[in-house]
Amino acid sequence: MSPKTANPSARQTELLEAAYRYALAHGLTDLSLRPLADAVGSSTRVLMFLFGNKDGLLRALLERARTDELALLARFRQSEHPAGLAAAAGQVWTWLAADEHRPLLRLWAEAYARSLVEPEGPWAGFARTTVHDWLDLLAHCQPQPERDSADGATRRTLTLAVLRGSLLDLLATDDGPRVTAAVQRHLTLLG
């Protein structure tokens, strides 16, 4: 986290939240500071002062998106007893497939892809961190003996690949019934 975001001012937090809403609606790829500043009621000069530069703002927006992701993961971890991989993946898919989460998930997919093709700069490490976050959640949902086995690691890796691929398919086609049926088939085979 940059020094300017380690202890953000109220104004910086306010602008970050407004910029995050803007990014959810418009994406990050073609983000231009002038239209963003106009949309959030600021100026490019203020944004540059608060976030350093465009890359600093992008990093702050990715951190903000990750905050939402980690809040979701924390919600799935609340159970003291592992739900089991299939049940947990089914709950995750229900959340991923919900229409109201599409803006966040489009932003996630955009950042994930950019992290793969532009491994330096503000996207650095986004995809890798996301994979580890989700694998950790899925491991938490497995019973201890399964979690600690090589087969358990393979099962959660396969499950994450199915969820991620299905999410990308859903975002591309908006064909919820077809994609959900495929996820459910995988979960049946997994169970």
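Our structure is the block above this text.
Described in the following lines is the structure provided in the data block.

Parameters at a glance
- All residue numbers refer to positions counted from 1 along the written sequence of the respective chain.
- The predicted origin of the model limits local features to residues at a pLDDT of at least 70 and limits the giving and counting of side-chain atom pairs to 80 or more, whereas totals for whole chains, interfaces and linings rest on all residues.
- Water and hydrogen atoms were dropped before computing side-chain values, which therefore reflect all heavy atoms in the structure.
- Between the N-to-C directions of two axes lies an angle of 0 to 180 degrees, each axis being a line fitted to C-alpha atoms and, for a helix, fitted only over the stretch in contact.
- Strands here mean DSSP runs of E at least two residues long; helices mean DSSP runs of H or I at least four residues long; both are numbered from the N terminus.
- Angles below 35 degrees are treated as roughly parallel, those above 145 as roughly antiparallel, those between 65 and 115 as roughly perpendicular, and all remaining angles as oblique.
- We call a crossing left-handed when the near helix sits turned anticlockwise from the far one by less than a right angle, and right-handed when that turn is clockwise.
- Note on contacts: a residue pair qualifies if any of its non-hydrogen atoms lie within 4.5 Å across the two residues.
- Exposure is judged per residue with a 1.4 Å probe applied to protein chains only, and the accessible area is read against the type maximum: over 50% gives exposed, under 20% gives buried, and values in between give partly exposed.
- Lys and Arg are tallied as positive, Asp and Glu as negative. Neither His nor the chain termini are counted.
- Between Lys or Arg on one side and Asp or Glu on the other, a salt bridge is scored when a side-chain nitrogen of the former is within 4 Å of a carboxyl oxygen of the latter.
- N or O atoms within 3.5 Å of each other form a polar contact, as long as, within protein, one can give a hydrogen and the other can take it, and as long as residues adjacent in sequence are counted only when both atoms are side-chain atoms.
- Note on aromatic contacts: the rings of Phe and Tyr and the six-membered ring of Trp form a pair at centre separations within 6.5 Å, being stacked when their planes are under 30 degrees apart, edge-to-face when over 60 apart, and tilted otherwise.
- Classification convention: Asp, Glu, Lys, Arg as charged; Ala, Val, Leu, Ile, Met, Phe, Trp, Tyr, Cys, Pro as nonpolar; all other residues, Gly among them, as polar.

### Concerning the packing of helix 2 (residues 10–26) against helix 4 (residues 44–51)
Thinking step 1. In contact at an axis separation of 11 Å, helix 2 and helix 4 are set at 110° when each is read in the N-to-C sense. By the angle between their axes, helix 2 is roughly perpendicular relative to helix 4. As for how helix 2 packs across helix 4, the hand of that crossing is left-handed. Contact residues: helix 2 offers Arg11, Gln12, Leu15 and Leu16, while helix 4 offers Val46, Leu47, Leu50 and Phe51.

### Regarding the side chain of glutamate 69
Thinking step 1. Locating glutamate 69 in the fold gives a position in helix 5 (residues 54–77).
Thinking step 2. Here glutamate 69 sits buried without a salt bridge, and the closest side chain of opposite charge, arginine 66, lies 4.3 Å off (N-O distance).
Thinking step 3. Looking at glutamate 69, its side chain comes within polar contact range of the side chain of tryptophan 134, at 2.7 Å.
Thinking step 4. Residues in contact with glutamate 69, not counting those within four places in the same chain, are Thr130, Asp133 and Trp134.

### Some words on the pattern of salt bridges
Thinking step 1. Inspection of the entire model under this criterion finds 10 salt bridges.
Thinking step 2. Here arginine 64 ties to glutamate 17 by a salt bridge, and the two come within 2.6 Å at their closest N and O atoms. Taken together, the positions of arginine 64 in helix 5 and glutamate 17 in helix 2 put the pair 47 residues apart, joining distant regions of the chain.
Thinking step 3. Residue classification places arginine 64 among the buried positions, given a relative accessible area of 16%.
Thinking step 4. For glutamate 17, a relative accessible area of 25% puts it in the partly exposed group.
Thinking step 5. With its nearest N and O atoms 3.3 Å apart, the salt bridge here joins aspartate 99 to arginine 102.
Thinking step 6. By relative accessible area, which is 7% here, arginine 102 ends up buried.
Thinking step 7. Put simply, Glu17, Arg64 and Asp68 are held in one network by salt bridges that share partners.

### Describing the packing of aromatic side chains
Thinking step 1. If you walk through the whole model with that rule in mind, you get one aromatic pair.
Thinking step 2. Ring plane angle 35° and centroid distance 4.9 Å describe the contact between tryptophan 108 and tyrosine 112, whose orientation is recorded as tilted. Highlighted residues: tryptophan 108 and tyrosine 112, both in helix 7 (residues 102–117), separated by four residues, approximately one helical turn.
Thinking step 3. Judged by its relative accessible area of 14%, tryptophan 108 is buried.

### Description of the packing of helix 5 against helix 8 (residues 126–140)
Thinking step 1. Remark: helix 5 packs on helix 8, axes separated minimally by 10 Å, with the N-to-C direction vectors making an angle of 10°. Between helix 5 and helix 8, the interaxial angle falls into the category roughly parallel. Contact residues: Leu62, Arg66, Glu69, Leu70, Leu72, Leu73, Phe76 and Arg77 in helix 5; Phe126, Thr129, Thr130, Asp133, Trp134, Asp136, Leu137 and His140 in helix 8.
Thinking step 2. Classifying every residue of the contact of helix 5 with helix 8 gives eight nonpolar, three polar and five charged.

### Re the environment of glycine 27
Thinking step 1. By secondary structure assignment, the location of glycine 27 is in the loop between helix 2 and helix 3 (33–40).
Thinking step 2. Linking glycine 27 and proline 103, residues 76 residues apart in sequence, is a C-alpha distance of 8.6 Å.
Thinking step 3. Beyond its immediate stretch of four places on either side in the chain, glycine 27 contacts Tyr22 and Glu110.

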